[in-house]
Amino acid sequence: MAETSSLTIFGIKNCDTVKKARRWLEENGIEARFHDYRVDGLDGALLQKLIDKQGWEALLNTRGTTWRKLAESLRAACDNAEAAKAIMLEHPAVIKRPFLLAASGQSLLGFKPESYAQFVAEVK
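Position labels on residues start from 1 in each chain and follow its written sequence. Note on the predicted model: pLDDT of at least 70 is required for a residue's local features to be given, and 80 or more for side-chain atom pairs to be given and counted; whole-chain, interface and lining totals, by contrast, use all residues. Only hydrogens and water are set aside; all other atoms, that is, all heavy atoms of the structure, feed into the side-chain values.

### With respect to the overall build of the protein
Only DSSP runs of H or I covering at least 4 residues are called helices, and only runs of E covering at least 2 are called strands; the numbering of each starts at the N terminus. Within the protein, the regular secondary structure consists of 8 helices and 4 strands. Taken from the N to the C terminus, the helices and strands of the protein come in the order β-α-β-α-α-α-α-α-α-β-β-α. On C-alpha atoms alone, the protein measures out to a radius of gyration of 14 Å, which is about the 14 Å that the 2.2 N^0.38 rule sets for 124 residues. Principal axes of the C-alpha set define a box for the protein whose edges measure 45 × 25 × 25 Å. The proportion of buried residues among the 124 residues of the protein is 42%. Contact between two residues is taken to exist if any of their heavy atoms lie within 4.5 Å; hydrogens are not considered. Put simply, 65% of the contacts in the protein that link residues at least 6 apart link residues at least 24 apart. As displayed, the protein offers around 6,900 Å² of accessible surface, 46% of which is attributable to carbon and sulfur atoms. We compute the radius of gyration over the C-alpha atoms and compare it with the globule rule, which gives 2.2 Å times the number of residues raised to the power 0.38. Throughout this description, buried means an accessible area under 20% of the type-specific maximum (1.4 Å probe, protein chains only), exposed means over 50%, and partly exposed covers the range between. Using the Shrake-Rupley algorithm and a 1.4 Å probe, accessible areas are obtained, with residue cover drawn only from the displayed protein chains.

### Concerning the packing of helix α3 (residues 44–54) against helix α7 (residues 81–90)
An axis is simply a line fitted to the C-alpha atoms; with a helix, the fit covers only the stretch in contact. Between two such axes, the angle follows the N-to-C directions and lies from 0 to 180 degrees. Their axes nearest at 11 Å, the elements α3 and α7 cross at an angle of 125°. For the element pair α3 / α7, the angle class is oblique. Here α3 runs over α7; the crossing is right-handed. Each of G44, L47, Q48 and I51 in α3 lies in contact with α7, whose residues at this interface are K85, M88 and L89. Residues of the contact of α3 with α7, tallied by class, amount to 4 nonpolar, 2 polar and 1 charged. For this classification, under 35 degrees means roughly parallel, over 145 means roughly antiparallel, 65 to 115 means roughly perpendicular, and everything else is oblique. In this scheme the handedness of a crossing depends on how the near helix is turned from the far one: anticlockwise by less than a right angle means left-handed, clockwise means right-handed. Just so you know the grouping, Ala, Val, Leu, Ile, Met, Phe, Trp, Tyr, Cys and Pro go in nonpolar, Asp, Glu, Lys and Arg go in charged, and all remaining residues, Gly too, go in polar.

### Examining the packing of aromatic side chains
Side-chain rings of Phe, Tyr and Trp, where Trp is taken by its six-membered ring, are said to pair if the distance between their centres is within 6.5 Å; with planes under 30 degrees apart they count as stacked, over 60 as edge-to-face, and otherwise as tilted. All told, the structure shown has 4 aromatic pairs when counted by the stated rule. When the ring of F10 is compared with that of Y37, the centres are 6.4 Å apart and the planes differ by 20°; the resulting orientation is stacked. In this pair, F10 is assigned in strand β1 (residues 7–11) and Y37 in helix α2 (residues 37–40), connecting sequence segments 27 residues apart. Here F10 and Y37 have matching classes, each one buried. In this structure an aromatic cluster arises from ring pairing among F10, Y37 and F99. One Lys or Arg, R22, reaches over the ring of F34 and ends 3.8 Å from the middle of that ring. Each ring is checked for a lysine NZ or an arginine CZ that lies within 6 Å of its centre and within 35 degrees of its normal; such an atom marks a charge sitting over the ring.

### Structural notes on the pairing of β1
Counting buried positions along β1 gives 5 out of 5 residues, so the element sits mostly inside the fold. For β1 and strand β3 (residues 99–102), the ladder comprises 4 bridges, and the chain directions are antiparallel. Residue F10 lies in a different strand from β3, and its bridge partner there is F99. Paired strands are those between which DSSP finds at least two bridges. For β1 and strand β2 (residues 33–36), the ladder comprises 4 bridges, and the chain directions are parallel.

Structure below.
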């Protein structure tokens, strides 16, 4: 299966979807390093790498509690990559998760068992 360093899953440990994704990887014997935005941090370079892979619009979780708690003026101003990046750096919980990144550079956002199975098969 995949080597420990070949996959990294980004997210927040108490997120239910991240828990499901990590459980799926474990149950399928796939090792992945877990990067918790809150514990391991999130710097501008790492966030830019994730944005480059998926686009800021896809990464910005506008359906979550963190987004809804932001000031209306902040949400309204979040209409471009720089503004979105600034909000994501200050409030990492607003980043859609989980984010799976392979050493090859391929990435997958969100979690569905079928998508993970296909992704893992492709990056082996």
